[in-house]
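# A structural walkthrough
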Amino acid sequence: MRRESWRDDAARWNARYAATPPAFEPHPLVKQACGVGFPDGPVLELACGRSGSALALAARGRRVLAVDTSDVALRQLRTEAHRRGLGGQLWCVLADARAFVPVRGAFGLVLATLFWDAAVFRSAREAVAPGGLLAWEALAESGEAGATRFRVRPGQLAAELGERWEILAEGEARTPQRHGTCWVLARAALR
Ligand SMILES: C[S@@+](CC[C@H](N)C(=O)[O-])C[C@H]1O[C@@H](n2cnc3c(N)ncnc32)[C@H](O)[C@@H]1O
């Protein structure tokens, strides 16, 4: 049987994004991250979709690099950024996050919400600047969904960070569609 490629997945996301109007709501983790503060420098958002988080961070003067495999989502995001006068703050990159290698230690904040890939998480971790933040939310394993490589167990995100990290907050939440999630906000050591 043929293994599904990221292009099939992107086509599914494109159809979904084309069929529904964007809300451009920032994720609550952005408010938390801004509340505790993070170093100057760009922000990286992986699997950003039509990210209200990227827009909110750009509006706060941050340069944001937003990566997704859906060209429809990125076009909608770019259009909205230009409409808000934020086009110069936001770079949209059409790429598979598993093949995208961010510069080590370059980002004050690395963010991903409703996305999980263990290898991407590891490279995201390395991309955070000393003293910077990693903010991540992924779908949680559940009785119905069971364990899949796209879901995490409670506590797993913090456990995968290791000694270089201070866990500022972690928890469980639900999406508007009532899917369970796990999230973490953590700060990288200064060196
Ligand atoms: C559940 S949506 C989350 C979007 C956004 N982060 C949010 O919280 O609303 C998952 C997103 O991941 C993107 N995606 C899936 N696999 C990806 C990959 N390998 N690399 C980059 N983006 C990916 C999809 O296109 C989609 O926009």
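Residues numbered from 1 in each chain as written. Predicted model: local features only at pLDDT ≥ 70, side-chain atom pairs only at ≥ 80, totals over all residues.

- The name that an unreviewed UniProt entry assigns to the protein chain is Putative methyltransferase, with the source organism given as Saccharomonospora xinjiangensis XJ-54.

### A look at unusual backbone geometry
- The backbone of Phe-24 sits at a positive phi, close to 55 degrees, despite the residue not being glycine.
- As for its placement among the helices and strands, Phe-24 is situated in the loop between α1 (6-19) and α2 (28-36).
- Assessed through the 17 C-beta atoms surrounding it within 10 Å, Phe-24 is described here as partly exposed.
- Unusually for a residue other than glycine, Arg-178 sits at a positive phi of about 75 degrees.
- As for its placement among the helices and strands, Arg-178 is situated in the loop between β6 (165-174) and β7 (180-188). (Helix = DSSP H or I, 4+ residues; strand = E, 2+ residues; numbered from the N terminus. Buried ≥ 20, exposed ≤ 12 C-beta atoms within 10 Å, placed from the backbone.)

### So, the site of the ligand
- Close to the ligand lie 20 residues, the nearest being Trp-13, Ala-47, Gly-49, Ala-97 and Thr-113.
- Elements with a minimum of two residues in the shell around the ligand: α1 and β2 (64-68).
- By residue number, the principal contributor to the shell around the ligand is α1, which donates 4 residues. (Near = placed C-beta within 6 Å.)

### Quick notes on the sheet that holds strand β1 (residues 43-46)
- What the 7 strands build is an open sheet, ordered β3-β2-β1-β4-β5-β7-β6; its pairing is mixed. Strands with a single pairing partner mark the edges of an open sheet, and in this sheet they are β3 (90-94) and β6. Across this sheet, the average inter-strand angle for adjacent strands is 15 degrees, counted without regard to direction.
- Here 4 bridges tie β1 to β2, and the two strands are oriented parallel to one another. Residue Glu-45 lies in a different strand from β2, and its bridge partner there is Ala-66.
- The sheet strands contacting helix α4 (residues 71-83) are β2 and β3, and the helix crosses β3 at an angle near 170 degrees. (Pairing = 2+ DSSP bridges. Axes fitted to C-alpha atoms, helices over the stretch in contact; angles between N-to-C directions. Contact = placed C-beta atoms within 7 Å.)

### Focus: the environment of Ser-5
- Here Ser-5 lies in the segment before α1.
- Along the primary structure Ser-5 and Glu-80 are separated by 75 residues, whereas in three dimensions their C-alpha atoms are 29 Å apart.

### Concerning helix α5 (residues 118-127)
- The complete set of buried residues in α5 reads Val-120, Phe-121, Ala-124 and Ala-127. The buried residues of α5 all sit within an arc of 115 degrees when viewed along its axis, so they share a single face. Those residues of α5 that are exposed and aimed more than 90 degrees away from the buried face are Ala-118, Ala-119 and Arg-122.
- In this fold, the buried residues of α5 make contact with β1, β4 (107-113) and β5 (128-139). (Arc of directions from axis to C-beta.)

### Notes on the packing of α1 against α4
- Between α1 and α4, the least distance of the axes is 7 Å, while the angle of their chain directions is 40 degrees. When the axis of α1 is compared with that of α4, the two are oblique. Facing Trp-13, Asn-14, Tyr-17 and Ala-18 of α1, the residues of α4 in contact are Asp-71, Val-72, Ala-73 and Gln-76.
- Considered class by class, the residues forming the contact of α1 with α4 number 5 nonpolar, 2 polar and 1 charged. (Parallel < 35°, antiparallel > 145°, perpendicular 65-115°, else oblique. Nonpolar A, V, L, I, M, F, W, Y, C, P; charged D, E, K, R; others polar.)

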